[in-house]
Amino acid sequence: AACSPVSAGAMAAGRGKRTEMTDISAALRTFASKGRPTKEEQAQRRQLFQKVIQYLTIGIDMSPVFSDVIMNAHTTDVATKKMLYHYITHYAQANADLALLTVNTLQKDCREEDPVIRGLALRSMASMRVPDLVEYLIDAIRLGLKDADSYPRKTAAMGVLKVHDLAPEALAETEILEEVRRMLISDRDASVVANCLIVLREIDGEAAVATKQNVYGLINRIKDFSQWSQVTILETVALYKPADKTETFDVMNALEDRLQSSNSAVVLGTVKVFLHATLSLPDVHQQVFERLKAPLFTLANAGAAETAYAVWAHLHLLVMRAPPLFAMDYKSFFCRGSDAPAVKKLKIEMLTAVADDVNTYDIVSELCEYVTDVDTVIAREGVKAVGRIALDGDQNVGGIVDRLLQFVEYNQEHITAETLVQVKDLVRKHPKWIDQCVVAVSGIEVETIVEPEAKAALVYLYGEFGAFMPEAPYMLEPLLDEFDEEESEEVRLELLASAMKLFFKRAPEMRDMLGKALAAGTNDANQDVHDRALMYARMLHRDPEAASRVIAGYKEGVANFTDGAGFADKFATQIFDEFNSLSVLYRKPAFLFTDDKPVAVPRTPEIIEVAAGGGNGESAMMRDSLIDFSDEPVAAASSSKSSPLDDLLGTPGGGGAHGGGGGSGPGSSHNLLDLLDVPMDSATPTKASTPQTREPLALHPSPSLDAASFQARWSALPPAPGCAAGPRVLTLGANA
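Residues numbered from 1 in each chain as written. Predicted model: local features only at pLDDT ≥ 70, side-chain atom pairs only at ≥ 80, totals over all residues. Heavy atoms only, no water.

### Overview of the overall build of the protein
Next, step 1: In terms of helices and strands, the protein carries 38 helices and zero strands.
Next, step 2: Looking at the protein as a whole, 45% of its 736 residues are labelled buried.
Next, step 3: Taking the intrachain contacts of the protein between residues at least 6 apart in sequence as the baseline, contacts between residues at least 24 apart amount to 65%.
Next, step 4: When the accessible surface of the protein is split by element, carbon and sulfur atoms take 52% of a total near 38,000 Å². (Helix = DSSP H or I, 4+ residues; strand = E, 2+ residues; numbered from the N terminus. Buried < 20%, exposed > 50% of the residue type's maximum accessible area, 1.4 Å probe, protein only. Contact = heavy atoms within 4.5 Å. Areas by Shrake-Rupley, 256 points an atom, 1.4 Å probe, with all protein chains shown as cover.)

### Topic: the nonpolar core
Next, step 1: Counting residues in each nonpolar core, the largest one holds 197 residues, and the members touching the most others are Met62, Tyr87, Trp312 and Phe326.
Next, step 2: Per element, the largest residue contribution to this core is ten residues, and it comes from helix α28 (residues 489–505).
Next, step 3: Filtering out sequence-adjacent residues up to four positions away, Phe326 remains in contact with Phe289, Lys293, Phe297, Leu315, Leu318, Val319, Phe333 and Val354. (Core = buried A, V, L, I, M, F, W, Y, C linked by side-chain atoms within 4.5 Å.)

### Here we look at the packing of aromatic side chains
Next, step 1: Evaluation of the coordinates by the stated rule reveals 13 aromatic pairs.
Next, step 2: With 5.5 Å between their ring centres and 65° between their planes, Phe503 and Phe504 make a pair best called edge-to-face. Grouping residues by exposure puts Phe503 and Phe504 together as buried.
Next, step 3: By the ring-pair criterion, three or more aromatic residues cluster together here, those being Phe289, Phe297, Trp312, Phe326 and Phe333.
Next, step 4: The positively charged end of Lys293 is found above the aromatic ring belonging to Phe326, 5.7 Å away from the centroid. (Phe/Tyr/Trp six-rings, centres within 6.5 Å; stacked < 30°, edge-to-face > 60°. Lys NZ or Arg CZ within 6 Å of the ring centre and 35° of its normal.)

### Side note on empty space enclosed by the protein
Next, step 1: This structure, assessed with the given rule, holds two cavities of 30 Å³ or more.
Next, step 2: Taken as a whole, the largest cavity encloses approximately 50 Å³ of empty space.
Next, step 3: Taken together, Val237, Ala238, Tyr240, Lys241, Pro242, Val251, Val273, His276 and Ala277 form the lining of the largest cavity.
Next, step 4: Taken together, the elements giving at least two residues each to the lining of the largest cavity come down to α15 (227–238) and α17 (264–277). (1 Å grid on protein atoms, 1.4 Å probe; cavity = no way out; pocket = protein on both sides within 12 Å on 5 of 7 lines; lining within 4 Å. Points joined across faces, edges and corners; volume = space filled by probe spheres on them.)

### Some points on the pattern of salt bridges
Next, step 1: Per the stated rule, a full pass over the model turns up 36 salt bridges.
Next, step 2: Linking Arg181 and Asp204 is a salt bridge whose minimum nitrogen-to-oxygen distance equals 3.0 Å. Taken together, the positions of Arg181 in helix α11 (residues 176–186) and Asp204 in the loop between α12 (190–203) and α13 (206–209) put the pair 23 residues apart, joining distant regions of the chain.
Next, step 3: Residue classification places Arg181 among the partly exposed residues on the basis of a relative accessible area of 28%. (Salt bridge = Lys/Arg side-chain N within 4 Å of Asp/Glu carboxyl O.)

### Notes on helix α21 (residues 360–370)
Note that an α-helix has 3.6 residues per turn; residues three or four places apart therefore point the same way.
Next, step 1: Buried within α21 are the following residues: Thr360, Ile363, Val364, Glu366, Leu367, Cys368 and Tyr370.
Next, step 2: Looking at the buried positions of α21, the neighbouring elements they touch are α20 (341–354), α22 (376–392) and α23 (398–406).

### Quick notes on a negative patch on the surface
Next, step 1: Side chains of Glu445, Glu447, Glu482, Asp484 and Glu485 sit close together on the surface and give a patch of like negative charge.
Next, step 2: Among the structural elements, Glu445 can be located in the loop between α25 (434–441) and α26 (452–464).
Next, step 3: According to the relative accessible area criterion, Glu445 is partly exposed, its value standing at 43%. (Patch = residues over 30% accessible without salt bridge, like charges linked within 9 Å, V, L, I, M, F, W, Y side chains within 5 Å. Lys, Arg positive; Asp, Glu negative; His and termini not counted. Charge placed at Lys NZ, Arg CZ, Asp CG, Glu CD.)

### Re the side chain of Glu486
Next, step 1: Within the fold, Glu486 resides in the loop between α27 (472–481) and α28.
Next, step 2: By relative accessible area, which is 16% here, Glu486 ends up buried.
Next, step 3: Looking at Glu486, its side chain comes within polar contact range of the main-chain nitrogen of Ser488, at 3.2 Å.
Next, step 4: If we ignore the near neighbours within four places in the chain, the residues touching Glu486 are Lys455, Val491 and Arg492. (Polar contact = N/O pair within 3.5 Å; in protein donor to acceptor, adjacent residues only side chain to side chain.)

### Overview of helix α19 (residues 305–321)
Next, step 1: The first and last C-alpha atoms of α19 sit 24 Å apart over 17 residues, in line with the 24 Å expected at 1.5 Å per residue.
Next, step 2: Within the sequence span of α19, burial applies to Ala308, Ala310, Val311, Trp312, Ala313, His314, Leu315, His316, Leu317, Leu318 and Val319.
Next, step 3: The secondary structure elements touched by the buried residues of α19 are α17, α18 (282–302), α20, α33 (572–577) and α34 (582–586). (Expected span 1.5 Å × (residues − 1).)

### Points about the side chain of Asp425
Next, step 1: As for its position among the elements, Asp425 is in helix α24 (residues 413–429).
Next, step 2: When its relative accessible area of 16% is taken as the criterion, Asp425 is described as buried.
Next, step 3: Non-local contacts of Asp425, meaning those with residues more than four positions away in its chain, are made with Leu391 and Phe561.

### Describing the confidence of the model for the protein
Next, step 1: The predicted model of the protein averages 81 in pLDDT, with 79% of residues at 70 or higher.
Next, step 2: Contacts of residues 721–736 to residues separated by more than four positions or lying in other chains number 31 contacts, the stretch itself having pLDDT below 50. (pLDDT = per-residue confidence, 0-100.)

### Points about unusual backbone geometry
Next, step 1: Its identity as a non-glycine residue notwithstanding, Asn411 has a phi of 55°, on the positive side.
Next, step 2: Considering the arrangement of structural elements, one finds Asn411 in the loop between α23 and α24.
Next, step 3: Phi angles above zero are rare outside glycine, and Arg587 is one such case at about 60°.
Next, step 4: A residue is classified by how much of its surface remains accessible, and Arg587, at 27% relative accessible area, is partly exposed.

### A closer look at the environment of Thr419
Next, step 1: Relative to the assigned elements, Thr419 resides in helix α24.
Next, step 2: For Thr419 and Phe407, which are twelve residues apart along the polypeptide, the C-alpha to C-alpha distance reads 6.7 Å.
Next, step 3: Sequence-distant contacts of Thr419, defined by excluding residues within four places in its chain, comprise Val383, Leu404, Phe407 and Val408.

### Let's talk about the packing of α24 against α26
In a pair of packed helices, the angle between the axes and the distance between the axes together describe the arrangement.
Next, step 1: Viewed as axis vectors pointing N to C, α24 and α26 meet at an angle of 40°, and their least axial separation amounts to 8 Å. Taken as axis vectors, α24 and α26 run oblique relative to one another. With respect to the hand of their crossing, α24 and α26 are arranged in left-handed fashion. Here α24 contributes Ala417, Leu420, Val421, Val423, Lys424, Val427 and Arg428 to the contact with α26, which in turn contributes Glu453, Ala454, Ala457, Leu458, Tyr460 and Leu461.
Next, step 2: Of the residues assigned to the contact of α24 with α26, the class counts are ten nonpolar, no polar and three charged. (Axes fitted to C-alpha atoms, helices over the stretch in contact; angles between N-to-C directions. Parallel < 35°, antiparallel > 145°, perpendicular 65-115°, else oblique. Left-handed = near helix turned anticlockwise from the far one by under 90°. Nonpolar A, V, L, I, M, F, W, Y, C, P; charged D, E, K, R; others polar.)

### What about the environment of Ile233?
Next, step 1: Note that Ile233 resides in helix α15.
Next, step 2: A relative accessible area of 1% places Ile233 in the buried class.
Next, step 3: Once you skip the residues sitting within four places of it in the chain, Ile233 turns out to touch Leu197, Leu218, Ile222 and Phe225.

### Overview of the packing of α21 against α23
Next, step 1: Between α21 and α23, whose axes approach to 11 Å, the crossing angle comes to 5°. Judged by the angle between their axes, α21 and α23 are roughly parallel. Contact with α21, carried on its side by Thr360, Tyr361, Val364, Ser365 and Cys368, involves Gly399, Ile400 and Arg403 of α23 and no other residues of that element.

Below, the structure written as structure tokens:
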């Protein structure tokens, strides 16, 4: 049968590849047979090796010419040697049998006259990572560590780490590690010492290397090392604990000139040494802060954008750690037009931190300029900074509060939104500014606020201070009418809370609106909103007077806000310990973004019991809470006396628990929830029931339930009070 054109083409291509492979093999053998090639022949062999490496790089299998490549190992051309070692290392990792063929060649090259060839051969042997070659590799490393030239010595030092990773037991049986420790102190070449330091930090541990002898030897020679080696040395020195104050000053004096380095890593590494060495000396520690400011400011303003951000991030950490020490340098934190947005954000936060009685108004004036920045992020940060200064200031911040409230007049959506958030926090902590803040926000149209956080803040102000704002109920009305259309859960929750607060202050105006809000909330698909609305409804049904005290009662000023505290505040000490690392830039400790996470301590499940609170079996939680924990219907308890709220709602007071005159009891002529038109379904009882004595609740430590049983029990449950639909069908399994 005749072959198709495609098959014929494939066969021709295969024959072409085999022919080319044969040609390469023949050429390699030809060059290997020449003992003293000319310069032209060396150039041709170099081009041939380049072709082999090129094919290898694009994925063509060049292992058939392995033996021919090895035959050319006697070449003295360094470029050809590098390509030959690359070829050997590549195929030796995948085929240990081929690696054994290279041992004699590499051992011979480890004794070459050229130190570069000796170092390359040793590096290639260590890079093959073949367990069968460990014995030969250890012998080569012994020879390399005693080499007269520095290149083979530093290559052998790094080879020790590869042997430790491949066969640590075999390395422990030799004297090689002791030789590396000796070289760390006595070797005359700085690059060899740097490699020995890296190896020992990995094998012995960073703290074990930071001995007095090693640290003093490294500090005295630190100028001989490269900049990146200096960084490693400084990391080691930072782990050393000086014995006394005199030794601390000796270490700092020896490293003083490293603060003038042009490399930011060296400067920050030196800063870390100074800070850690003086932690136990508070007076010296403060002087160190003063000494470090000048080099850090110089480096932050002179480097590239990336370097500048890294330095400013470390400055930010220092400022947050000791703000008063930077109060006199507040002008250094003023933003420049060339600063990146991330740097501007850091500077604004630092300006807020260093504000004190002397510089506050200068700082606030500068921050007000940032509010009109074209970058909305920076504008928001400016408003937020002014708000924080007003929030944290003492009694003399009236002018700052005026500046903050003036931002409302800018008629910029993002500025107004951020201002509302700050005003909400301000009146919660400093009630003395309520009058001014209420006047300022009274003219804001709710429809113009789009951001959920700002809208929630405005709704909070209407609910909390609605007694002083005549238009408050009517500003909330359109939002309550569109309760179902509001997308933000935060806003819906705040609408429920504000409607309740205003109801207790201005009941005639809010009665219908509150009824609509509770009805919409109990039918909300969001569980939090549904539960909040249902809780409010039950509180009103059980005891409106108690609900008024809980929801609309007197509130003291908030001392501190902890809800906005992030990782930088929670892990400040740990981030400081990880100075000069990515932890400072990410503003979180290393275990949160690396694999080295702390192991969670397993906790034994405990039996949780509800202790009885009296002879009737009622617990303390049941007795003090407005939520019904027992099997008793919601309205079983009633108020024993009338209240102004009962009179306002038209519910007669008087009567006992089983009488007919309780304002919210079963005998009331008007039920408060009926007036609000909130569907309570089966929650409304016909008569009070006697509380049942309950056994202490014990939870099973390891509960389990198969999917079929769970679905059957879930489907059998009755609809929850206030829910529009019945129980939902849940799917358990791989797609759950």
